[in-house]
Each structure stands twice: as structure tokens, then as C-alpha cells.
Amino acid sequence: MNPVRLMKTLAFPVIALLVVFGTHSSLFAYAALGLSAVYLVMAGVDEALYLLAFLLNMANIFKPGPDSTSFYTYLIFLYVLRVILQKRQLEPLILLFAAYLVIIQIVNQNIDALKTIKLIVYMLLISYVMNNKETFRMDRVLAFYVAGVLLASVVTYLDSDFFRISALSLTKQLGRSYGYGDVARFSGLDTDPNYYSVAVIISMCIVVLFYHKKKINAVLMIAILSGLFSFVIQTYSKSAFLMSALPIVVLLYGNTKAKRKGMQIFFVVLLGAVGLYMLSGKANFLDIIMTRFSVGKTDVGSLTTGRSVIWNQYFNDFREHILRLFFGVGVSSPFARSHAAHNTYIEMLHSVGVIGSMLFLVSLRTPIRATKVRKNLLNYSIGFCIFVMYFFLSEMYYYDSVFHLLIAKIVFDMDFDFSGASAPKKLIIGDASPLAAKNPFRPRAAEPVTAVERGH
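What counts and how
- Residues numbered from 1 in each chain as written.
- Predicted model: local features only at pLDDT ≥ 70, side-chain atom pairs only at ≥ 80, totals over all residues.
- Heavy atoms only, no water.
- Core = buried A, V, L, I, M, F, W, Y, C linked by side-chain atoms within 4.5 Å.
- Buried < 20%, exposed > 50% of the residue type's maximum accessible area, 1.4 Å probe, protein only.
- Helix = DSSP H or I, 4+ residues; strand = E, 2+ residues; numbered from the N terminus.
- Contact = heavy atoms within 4.5 Å.
- Expected span 1.5 Å × (residues − 1).
- Patch = residues over 30% accessible without salt bridge, like charges linked within 9 Å, V, L, I, M, F, W, Y side chains within 5 Å.
- Areas by Shrake-Rupley, 256 points an atom, 1.4 Å probe, with all protein chains shown as cover.
- Salt bridge = Lys/Arg side-chain N within 4 Å of Asp/Glu carboxyl O.
- Axes fitted to C-alpha atoms, helices over the stretch in contact; angles between N-to-C directions.
- Parallel < 35°, antiparallel > 145°, perpendicular 65-115°, else oblique.
- Nonpolar A, V, L, I, M, F, W, Y, C, P; charged D, E, K, R; others polar.
- Disulfide = S-S within 2.5 Å.
- Phe/Tyr/Trp six-rings, centres within 6.5 Å; stacked < 30°, edge-to-face > 60°.
- Lys, Arg positive; Asp, Glu negative; His and termini not counted.
- Polar contact = N/O pair within 3.5 Å; in protein donor to acceptor, adjacent residues only side chain to side chain.
- pLDDT = per-residue confidence, 0-100.
- Left-handed = near helix turned anticlockwise from the far one by under 90°.

A. Geometry of the nonpolar core. Membership of the largest hydrophobic core comes to 124 residues, with the highest contact counts inside it found for Y72, Y79 and F403. Ranked by residue count, the leading element in this core is helix α9 (residues 193-212), at 15 residues. With residues near it in sequence (within four places) discarded, F403 still touches L49, L52, A53, L56, Y72 and Y145. Formed by seven residues, the second largest nonpolar core is a distinct cluster that contains I310, Y314, F318 and I346.

B. Representation of helix α12 (residues 245-258) in the model. An ideal rise of 1.5 Å per residue puts 20 Å on 14 residues; α12 measures up with 20 Å between its terminal C-alpha atoms. Packing partners of the buried residues in α12 comprise α9, α10 (218-235), α11 (238-243), α13 (261-279) and α19 (377-389).

C. Local environment of a nonpolar patch on the surface. A surface patch of nonpolar side chains, about 470 Å² in accessible area, is lined by I322, L323, F326, F327 and I355. For the nonpolar patch, the element with the highest residue contribution is helix α17 (residues 322-327), accounting for four residues. Summarising the element assignment, L323 is placed in helix α17.

D. Region of interest: the packing of α9 against α19. Viewed as axis vectors pointing N to C, α9 and α19 meet at an angle of 175°, and their least axial separation amounts to 10 Å. On the basis of the axis angle, α9 is roughly antiparallel to α19. Contacts between α9 and α19 involve S197, V198, I201, I202, C205, I206, L209 and H212 from the first element and L378, S381, I382, C385, I386 and M389 from the second. Residue classes in the contact of α9 with α19 are distributed as 11 nonpolar, three polar and no charged.

E. Main features of the state of the cysteines. In total, this model carries zero disulfides according to the counting rule given. With no disulfide of its own, C205 lies closest to C385 among cysteine sulfurs, the gap being 5.5 Å.

F. Expanded view of the packing of aromatic side chains. Counting across every chain of the model gives 27 aromatic pairs. Geometrically, the ring pair formed by F21 and F28 is tilted, given 5.6 Å between the ring centres and 50° between the ring planes. Summarising the aromatic geometry, the rings of F186 and Y196 are spaced 5.5 Å apart at their centres and angled 80° between planes, so their arrangement reads as edge-to-face. In this pair, F186 sits in the loop between β2 (183-185) and α9 while Y196 sits in helix α9, placing the two residues 10 residues apart along the sequence. Judged by its relative accessible area of 4%, Y196 is buried. Counting every residue linked through ring pairs, the aromatic cluster contains F12, Y39, Y50, F54 and F144.

G. Looking closely at helix α16 (residues 307-320). When the terminal C-alpha atoms of α16 are compared, their 20 Å separation across 14 residues agrees well with the 20 Å that a helix rising 1.5 Å per residue should span. For α16, every residue scored as buried is listed here: R307, S308, I310, W311, Y314, D317 and F318.

H. Molecular detail of unusual backbone geometry. A positive phi angle, close to 55°, is found at Y236, a residue other than glycine. The topology assignment puts Y236 in the loop between α10 and α11. A relative accessible area of 14% means that Y236 is categorised as buried. One non-glycine residue with positive phi stands out, namely H342, at about 55°. Note that H342 resides in the loop between α17 and α18 (344-363). The exposure class of H342 is partly exposed, given its relative accessible area of 30%.

I. Spatial organisation of the side chain of R185. For R185, the position within the fold is in strand β2. At 5.9 Å, D192 is the nearest oppositely charged side chain to R185, a buried residue that forms no salt bridge. Of note is the side chain of R185, whose polar atom sits 2.7 Å from the backbone oxygen of T235.

J. Looking closely at the environment of V146. Within the secondary structure, V146 sits in helix α7 (residues 138-155). Relative accessible area serves as the criterion here: at 8%, V146 is assigned to the buried category. As for V146 and C205, which are separated by 59 residues in sequence, their C-alpha atoms are 9.9 Å apart. Among residues more than four places away in sequence, those in contact with V146 are S203, I206 and V207.

K. Representation of the confidence of the model for the chain within the structure. When the pLDDT values of the chain are averaged, the result is 83; 81% of them are 70 or greater. Across residues 441-453, where pLDDT falls below 50, the model places 32 contacts with residues more than four positions away in sequence or in other chains.

L. Region of the structure containing the pattern of salt bridges. Counted by the stated rule, this structure contains five salt bridges. In this structure, the salt-bridge partner of D139 is R137, at a minimum N-O distance of 2.9 Å. Residue classification places R137 among the buried positions, given a relative accessible area of 1%. Of the charged contacts, one joins K409 and D413 as a salt bridge, the two residues approaching to 3.6 Å between their closest N and O atoms. For the pair formed by K409 and D413, the shared burial category is buried. Taken together, the shared-partner salt bridges in this structure form one network comprising K133, K409 and D413.

M. Geometry of the environment of L251. With respect to the element layout, L251 can be found in helix α12. On the accessibility criterion, L251 (5% relative accessible area) is buried. Distance from L251 to F267, taken between C-alpha atoms, is 8.8 Å for residues 16 residues apart in sequence. When sequence neighbours within four positions are dropped, the list of residues in contact with L251 reads V208, Y211, H212, M221 and F267.

N. A look at the packing of α16 against α18. At a minimum axis separation of 11 Å, α16 and α18 run at an interaxial angle of 30°. In this view, α16 runs roughly parallel relative to α18, as classed from their interaxial angle. Crossing handedness for the pair α16 and α18: left-handed. Contacts from W311, Y314, F315, D317 and F318 in α16 reach I346, L349 and H350 in α18. For the contact of α16 with α18, the class distribution of residues is six nonpolar, one polar and one charged.

What follows is the structure, encoded as C-alpha cells:
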């Protein structure tokens, strides 16, 4: 193997290993930062993006201490600076949105330069990747994202006196209130199981999409889905448990469209067996989740764990201060009624208003290419996932939302035409060839050389 290629191949696992050991000694975290920075500068812009996708879900432990900013933030800044210097131009609408943010903060006298810069940098990253899709193998972005979620989930179990993971990644407790003793909610390397659940559900959908694209076989898909679902149920999240039905629906829908009758029967039988096991009373996790649904009142406030009450407080605030609804109160404004929105869409309206939200969406637009392939459920799956789950989370200022939006756009642009007897040979936008696309991790023959909440 070429020495340069060998070094690139080893870079990802070595950096991940250094990040894990960084929970024992910050020297390893600094070493991981240095190696990552060198890789982001020296590797192709495509390979650098794959590293960011891979490390995303380890970001919360990628720092020298519990109260420190994640080194992952600096890596995103470095990557965006590199592509800016390479392109030597900025998107005019993003600059206009940046000016809008500054004006709103000056008017409301609550300037937060760091938060503003972060948001603009995240927007620049999304804009650059989606407007230069031909530079990247989009299937590798998806594959490394899933690999990162799996790795981060497994690393959580290394928590000990040596690997001080819990010191950097807090664990939420259900306590004894549900009658099952002390119950901890699994959240991977995140500090909140609900935010972690979004990454797991997205990963499950990607695995199913890879199966429909014939990138992985049924056995590997079932193995990965089983692992990911085991993480979902350990979160004891009501929304995550309900949303875990989405990848199942996508799987069955794809089989129907591709006319895989034999595989469809197999999966229906398998899902039936799993369902019977869950109803047998032996699945303790299901008892806890169902208890969370049934305990207390059955009104909307209880079903949303108090979130709908907070949403009403924000709506009342909008009615009392109509200008806030249109213009927002700035990215560093106090919460309405002293509560975080727990809803990304309300958070956007509160921060930048209707005008700012529309400008934000327009800034991230990408050219629509003419195609004869009709979109179907598979194309909309990731977008639907984040659209629903963002109703219960405040994701506007977190860098994981950057990759959620990227992945949703990547999947939306994929070709899922099942009109023929088998899946189309053109697998993923940006693939060099059908053969190269069969393995998401397989390198191309010639890589281009060109161009504090939750601990974030």
C-alpha cells in the first residue's frame, strides 16, 4: 500500500484512540487536536470532511476538561477557513444574514460574538458542501457518520476511573419514580439522551438506505440495526422509541418498491417475532417506556414531558411582543419565561424572528438540478426524521445539526428509482463509478487535492 494512503487510512482510528485516551489525560486530547488539524490542512477537502463526520459524535469528550470548549469546534472553524481561502469568496446571502444577526443584537443590546461566529461558520460549511457536491463522495459522508455513532456508543461503556468519560459526558437519571429502581438513561457520549437519539435514528435510516442501494447485505444491515436499536431502547426516550418505527417503514417500503417479495416476507416474520417478544413481558425496557407514557396525566403537557407548556409560554410572549415574532431578540437573548424553548423552530423565531428565519433558509438554498427520477419516501426519510424530532429539541446552535441538515440534503438528492427490476446502477451523487460506490469506505483511484449546553 502507498505510504501516504496508509497514513490516511490509519489517521481516523489513531485520532479516535487519542480522543478516548484524552479522557484520562488531556495530553492525548491535545495530540488528537494536533493530528486532526494537520489532517484537515493536508488531506483533500473531501477526506477532511469525512473526518469531521466521523468525529462528530465524539465531540463531547474531545476536550481537555468538563468546562472546556470542545476541540471539535476549532476543527470546524479550521475546515471552513480552509475552504474560504480556497474559494476566495463568501455567499452573499450568508453575509446578509450575518449582518442581520449583528443588527438585531445591537438593537437588543445582547451581543454574543462567539455564538454569532459559530452560527455563521456552520452555515458556511453547509453551503460549501452542498454547492460543491461533485467534490465529495456523499456515500462516504453517510458511512463515516454511522461509523462515528457506533464508535461513540460503544466507547461509552469504557467509562471507568481510567477513562473518565462520565466526567465529560453526563448521564441523565430516571431515578426510582417509575418503580424500577435506579434507572440511568443511555446517551452515548452526549449529555442528553434525546439529542443522542436523533443521531441513532438517522443512522438506522442510513443503514436501511445502504441496504436498498445494495451497499451492504441483509445480514450486515440486521446486525447494525440491532445494535443501534439496543442503544435507542436504553435511552428510554418516548420520542426515540416512536421514531424507531421510521427505519422499519423505510425498509418495508423499499422492499415493496423493489418487489423483493422473499425478503419482505422474511422481514415481516422477523419483525413479528420481535414484536411478540416485546409483548411477552420479558422486555423490561418496554415496561419502563410504557410507564413513562402512562404515568401521571394524559394531557398534552404530560405526553410532551412539559414541553407544550413551555411552547405556550413562548407563544404568549410573541403575542405580547409582536415585534419579537418578526425580528427576534438576538442569539444571546434571555429565554422567554426563563425556560429554553425545547423546540428548534420556536427557538429560531425567538432568536431571529420570521424575517431572520426566512433569510436563514434562503441562505442555505442549493441549485435544483433537473431530473426525471421522482422522489419517494426514501428521499424524504432523514428530512422527516429531523423535522419531527427537532420539535422537541433546541438544535439551532449545535454543530450536530449541521450534519443532520447535510445528511438530509444528501439523501434527498440520491437516486432511489425502483422502476427497473433492480436498483439503479447509479448509486450516490458524486460517485466515480458504480463499482467504486459498492464500498462506502473504499478509496477512489485519484483523490482530489483541491479544494455551553450539552458540552458543545
